[in-house]
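Summary of the model geometry
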Amino acid sequence: MDKIIIEGGRPLNGTVQISGAKNAALPILAATLLTGGVHRLHNVPPLRDIRTAKTLLYHLGATFEEGDPLCVHTDTVDGHEAPYDLVKTMRASVLVLGPLVARFKRARVSLPGGCAIGARPINLHLSGLERLGVRIDLKHGYVEASAKRLTGNHIYFDIPTVTGTANLMMAAVLAEGQTVIENAAREPEVVDLAHCLNNMGACISGVGSSIITIEGVSKLQPMDHFVMPDRIEAATYLTAAGITRGEITITPCISDHLEAVIHKLEQAGMKFEISEGSIKSVGGEVIRSIDIKTNPYPGFPTDMQAQIMAMMCLAEGQSIITEKIFENRFMHVSELKRMGADISIEGNTAVVRGRPTLQGAPVMATDLRASASLVLAGLAAEGTTEVSRVYHLDRGYEGLEEKLRGVGARIERVKE
Ligand code: EPU
């Protein structure tokens, strides 16, 4: 297994290219299952999760022409099962449920279990599909979905679920009549998927608000879609400038997607120059402590909670960080403490008492964003940090070491 070794303590300066968004590309890849033909997807990041999604599509009968655009041929799709081995590797595999049931009227998808950050049930995906006339049976660890036809209906989500909204939108585009999803997720990745589906001939309105209306259509055409830039990758590099007191420009990016993060980083003492498609970020000499509560978009993203916590470990004063989306997303805390951080946890709240320095140490993480926070901590720490279980980072950050080396970090990957 690979390890990442970081010699910390130097400010990062320069420009970082932001890749296509993992969490937009995953549902968009699933959406290729909605109709046969050749789909052209631009700006798909070459990440481990994307390879898993392609393996799943291949298992269902799709073929690929690699490159940018990535061409996905779906005329040959005849499978309807997402097996346990793939779903346990990546929960987002559950995104094939909506499109398969919409196109073939049946799907068999392994139930994802809990994961490192929480229980993460899919009850809202399933009850939403039932509202569209899909019969759901849970058998031997699998969701078995079947329908004679899908009929539009009103769906209300108790919680605005991101992949649940994506799954339901993909099912409803080919249903008969109108579907309204209330308390829908408003995340930019959901909006990107809706643009992609509309580009295929779907009729979706209201995306970006909490009420989405879908008028079913009888036919779709293959997509030609450019995946949006990754806002979480972008925010991670902005935080890298903050924690190292450096100066990093990110491009391409959509600044509107980053408003909550920029607002908080400004409170922490950073300065930003926002122009069309790029943001220059300048770390303050002093990191000021800030309080954060994660929330669904447009609130502060849970996918940035761990990274911002690493920065607050070096702030002047005390920060209160409250995680409101996932019940177990503080797995980075004990590792940050091994680097000298002063953090205590009570329930879903972490109290971070900033210290002048962190020290490099061997650390490991249990999920993607926790790993990113340890890398950020390592960039700012005195001495050497070794981050193991690098495969987590490979799920969601394209070329992390190269991009960081490009802005002056001393970071390398070694085989363990
Ligand atoms: N929830 C339910 N029932 C459901 C669905 C969700 O109770 O049927 C709960 C979850 O347990 C959680 C909350 O609702 O407490 C929100 O979860 P959501 O469904 O929105 O999360 P997700 O769709 O499984 C996506 C991203 C995550 C990101 C979350 C929140 C993808 C592939 N994954 O997950 O990304 O943290 O939304 O924004 O889009 C990551 O990239 O590191 C990552 C974990």
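A brief structural summary.

Definitions and cut-offs
- Residues numbered from 1 in each chain as written.
- Predicted model: local features only at pLDDT ≥ 70, side-chain atom pairs only at ≥ 80, totals over all residues.
- Heavy atoms only, no water.
- Axes fitted to C-alpha atoms, helices over the stretch in contact; angles between N-to-C directions.
- Helix = DSSP H or I, 4+ residues; strand = E, 2+ residues; numbered from the N terminus.
- Parallel < 35°, antiparallel > 145°, perpendicular 65-115°, else oblique.
- Left-handed = near helix turned anticlockwise from the far one by under 90°.
- Contact = heavy atoms within 4.5 Å.
- Nonpolar A, V, L, I, M, F, W, Y, C, P; charged D, E, K, R; others polar.
- 1 Å grid on protein atoms, 1.4 Å probe; cavity = no way out; pocket = protein on both sides within 12 Å on 5 of 7 lines; lining within 4 Å.
- Points joined across faces, edges and corners; volume = space filled by probe spheres on them.
- Near = heavy atom within 4 Å.
- Polar contact = N/O pair within 3.5 Å; in protein donor to acceptor, adjacent residues only side chain to side chain.
- Domains from an automatic or database assignment.
- Buried < 20%, exposed > 50% of the residue type's maximum accessible area, 1.4 Å probe, protein only.

**Let's talk about the packing of helix α8 (residues 231–244) against helix α12 (residues 368–380)**
- With their axes 9 Å apart at the nearest point, α8 and α12 run at an angle of 25 degrees to one another. The orientation of α8 with respect to α12, classified from their angle, is roughly parallel. For α8 against α12, the interelement crossing comes out right-handed. Two secondary-structure elements touch here, α8 through I232, T236, T239, A240, I243 and T244 and α12 through R369, A372, L376, A377, L379 and A380.
- A class-by-class count of the residues in the contact of α8 with α12 yields 8 nonpolar, 3 polar and 1 charged.

**Let's talk about empty space enclosed by the protein**
- Evaluation of the coordinates by the stated rule reveals 2 cavities of 30 Å³ or more.
- Space inside the largest cavity adds up to approximately 60 Å³.
- When contributions to the lining of the largest cavity are tallied by element, the ones reaching two or more residues are α1 (22–31) and α2 (48–59).
- Among the residues making up the lining of the largest cavity, the classes are represented as 10 nonpolar, 1 polar and no charged.
- Considering only enclosed or pocket space, the second largest cavity measures out at about 30 Å³ in volume.
- T236, Y237, A240, A372, V375, L376, L379, L400 and L404 are the residues that line the second largest cavity.
- The set of elements that each furnish at least two residues to the lining of the second largest cavity consists of α8, α12 and α14 (400–406).
- Considering only residue class, the lining of the second largest cavity consists of 8 nonpolar, 1 polar and no charged.

**A few points about the site of the ligand**
- By nearness alone, 22 residues border the ligand, and N123, T161, T163, D303 and I325 come closest of all.
- A distance of 2.6 Å separates an oxygen atom of the ligand from a polar side-chain atom of T163.
- A distance of 2.6 Å separates an oxygen atom of the ligand from a polar atom in the side chain of D303.
- Ranked by the residues each element gives to the shell around the ligand, the list is headed by helix α5 (residues 123–131), at 3 residues.
- Considering only residue class, the shell around the ligand consists of 11 nonpolar, 6 polar and 5 charged.
- Among the domains, domain 1 (2–19 + 229–415) and domain 2 (22–226) are the pair contributing at least three residues each to the shell around the ligand.

**Description of unusual backbone geometry**
- Residue D68 is joined to P69 through a cis peptide bond whose omega torsion reads 10 degrees.
- Note that P69 resides in the loop between β4 (63–65) and β5 (70–73).
- With omega at -10 degrees, the peptide bond leading from T251 into P252 counts as cis.
- Mapped onto the elements of the fold, P252 is located in the loop between β15 (247–251) and α9 (259–267).
- Non-glycine residue N43 carries a positive phi angle of around 65 degrees.

**Quick look at the side chain of S373**
- Following the sequence through the fold, S373 ends up in helix α12.
- On the basis of relative accessible area, S373 is assigned to the buried category, the value being 0%.
- Apart from residues lying up to four places away in sequence, S373 is in contact with A306, Q307, A310, H332 and L336.

**A short note on the layout of surface pockets**
- Considering only enclosed or pocket space, the second largest pocket measures out at about 170 Å³ in volume.
- Contributing to the lining of the second largest pocket are N43, V44, P45, P46, L47, I50, R51, K54, E66, G67, D68 and L70.
- In terms of residues, the lining of the second largest pocket owes the most to one element, α2, which gives 3 residues.
- Of the residues contributing to the lining of the second largest pocket, the split by class is 6 nonpolar, 2 polar and 4 charged.

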